[in-house]
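One-letter residues, chain by chain:
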Amino acid sequence: MKLQEFINHDSSVNSLCWAPEAYGLMLACGSSDGSVSIISSEGDGHWQVKKINNAHTIGCNAVSWAPSTHPGSLFNIADEPKRGEIEKRLVTGGCDSLVKIWKMSATDGQWEEEEKLEAHSDWVCDVAWAPNIGLPTSKIASCSQLSFSSCRCFFFS
């Protein structure tokens, strides 16, 4: 039984990723049209859609959410934010050979590019944000196709 349908993109959706539970009910979708949609609900049956237009030229291939725990929180519990104060972040990979980190603005709720990582020379096929149990650093892995039979992986900290 279909519960909901969203028609927010002009091309195929290549990647989906549910946000960590602490972020609330949120789903990120990366599309060949170059945009990323963030679909969220407060659980009342109504959904809100925000879109990052032109996130990647040519197309977005991969999305992954940041963990809800902040780096270093294992060592400094007093700095751990409450549920409503958690910074929402995600990482995307695209056909433009870029890995981008996005952060939701606390002031207006819009998504803004926080960092651009230029390590690949071909399409970024996938990205993954490592789980964080409060250790001092955050890690991201990304991979791209070099040829028909090989792959390059990077780890960012």
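Here, every reference points to the structure presented above.
A quick note: this is a predicted structure, and the numbers were derived from the prediction, not measured. (Residues numbered from 1 in each chain as written. Predicted model: local features only at pLDDT ≥ 70, side-chain atom pairs only at ≥ 80, totals over all residues. Heavy atoms only, no water.)

K.L.:
Please explain the side chain of R89 as it appears in this structure.
P.N.:
Relative to the helices and strands, R89 resides in strand β6 (residues 89-94). Classification of R89 as buried rests on a relative accessible area of 19%. Among the polar contacts made by the side chain of R89, one reaches the side chain of E114 at a distance of 2.9 Å. Here R89 is in contact with Y23, W65, A66, I101, W102, K103, W111, E114 and W129, once residues within four sequence places are set aside. (Helix = DSSP H or I, 4+ residues; strand = E, 2+ residues; numbered from the N terminus. Buried < 20%, exposed > 50% of the residue type's maximum accessible area, 1.4 Å probe, protein only. Polar contact = N/O pair within 3.5 Å; in protein donor to acceptor, adjacent residues only side chain to side chain. Contact = heavy atoms within 4.5 Å.)

K.L.:
What am I meant to see in the sheet that holds strand β1 (residues 13-18) here?
P.N.:
Strands in a sheet are paired, the pairing made by backbone hydrogen bonds, and the direction either parallel or antiparallel. Within the open sheet, the four strands sit side by side as β1-β2-β3-β4. Their pairing is antiparallel. The open sheet terminates on both sides in strands that have one partner only, identified here as β1 and β4 (47-52). Geometrically, the sheet is characterised by an average inter-axis angle of 20° between neighbouring strands, direction not taken into account. Where strand β3 (residues 36-41) lies against β4, six bridges are found, and the strand directions are antiparallel. Paired with V36 across the two strands is I52, which belongs to β4. (Pairing = 2+ DSSP bridges. Axes fitted to C-alpha atoms, helices over the stretch in contact; angles between N-to-C directions.)

K.L.:
What should I look at first to understand the nonpolar core in this one?
P.N.:
Counting 27 residues, the largest nonpolar core has I38 and W65 as its most contacted members. Mapped onto this core, the elements with two or more residues apiece are β2 (25-31), β3, β5 (60-65), β6, β7 (99-104), β8 (111-117) and β9 (124-129). Per-element accounting of this core gives the leading share, four residues, to β5. Contact partners of I38, with chain neighbours within four places excluded, come to M26, L27, Q48, V49, K50, I52, W65, L90 and W111. (Core = buried A, V, L, I, M, F, W, Y, C linked by side-chain atoms within 4.5 Å.)

K.L.:
Hey, could you run me through the environment of Y23 in this one?
P.N.:
By secondary structure assignment, the location of Y23 is in the loop between β1 and β2. Separated by 65 residues in the primary sequence, Y23 and K88 have C-alpha atoms spaced 6.9 Å apart. Residues within four places of Y23 in sequence aside, it is in contact with W65, A66, P67, S68, I86, E87, K88 and R89. A polar atom in the side chain of Y23 sits 3.2 Å from the backbone oxygen of P67.

K.L.:
Even after reading the chapter, I still don't get the layout of surface pockets, so can you show me in this structure?
P.N.:
To find leftover empty space, one rolls a probe the size of a water molecule over the atoms. Size it by volume and the largest pocket reaches roughly 200 Å³. Each residue belonging to the lining of the largest pocket can be placed in one class, and the counts come to eight nonpolar, five polar and no charged. (1 Å grid on protein atoms, 1.4 Å probe; cavity = no way out; pocket = protein on both sides within 12 Å on 5 of 7 lines; lining within 4 Å. Points joined across faces, edges and corners; volume = space filled by probe spheres on them. Nonpolar A, V, L, I, M, F, W, Y, C, P; charged D, E, K, R; others polar.)

K.L.:
Sorry, what's going on with unusual backbone geometry here?
P.N.:
A negative phi angle characterises most non-glycine residues, just as the trans form characterises most peptide bonds. Positive phi outside glycine occurs at I58, with the angle close to 75°. Unlike most non-glycine residues, S97 shows phi in positive territory, near 70°. By secondary structure assignment, the location of S97 is in the loop between β6 and β7.

K.L.:
Hey, could you run me through the pattern of salt bridges in this one?
P.N.:
Where side chains of opposite charge bring their charged atoms close, a pairing between them can arise. Counting across every chain of the model gives three salt bridges. K103 is paired through a salt bridge with E87; the nearest N and O atoms lie 3.4 Å apart. Remark: E87 occurs in the loop between β5 and β6 and K103 occurs in strand β7; sequence separation between them is 16 residues. For K103, a relative accessible area of 24% gives the class partly exposed. Exposure remark for E87: the relative accessible area of 34% places this residue in the partly exposed category. (Salt bridge = Lys/Arg side-chain N within 4 Å of Asp/Glu carboxyl O.)

K.L.:
Looking at this structure, I do not really get the pairing of β7. What am I missing?
P.N.:
Moving residue by residue along a regular strand, the side chains alternate between the two faces of the sheet. Across five bridges, β6 lies against β7 in antiparallel orientation. Looking at β7, one finds that V91 is bridged to I101. Adjacent in sequence and paired antiparallel, β6 and β7 are bridged by four residues, among which S97 carries a positive phi angle near 70°. In this structure, β7 lies alongside β8, joined through six bridges in antiparallel fashion. By the bridge assignment for β8, W102 is matched with E113. Between β7 and β8, which follow one another and run antiparallel, lie six residues, and G109 among them has a positive phi close to 75°.

Function cannot be read off these values alone, since they describe shape.
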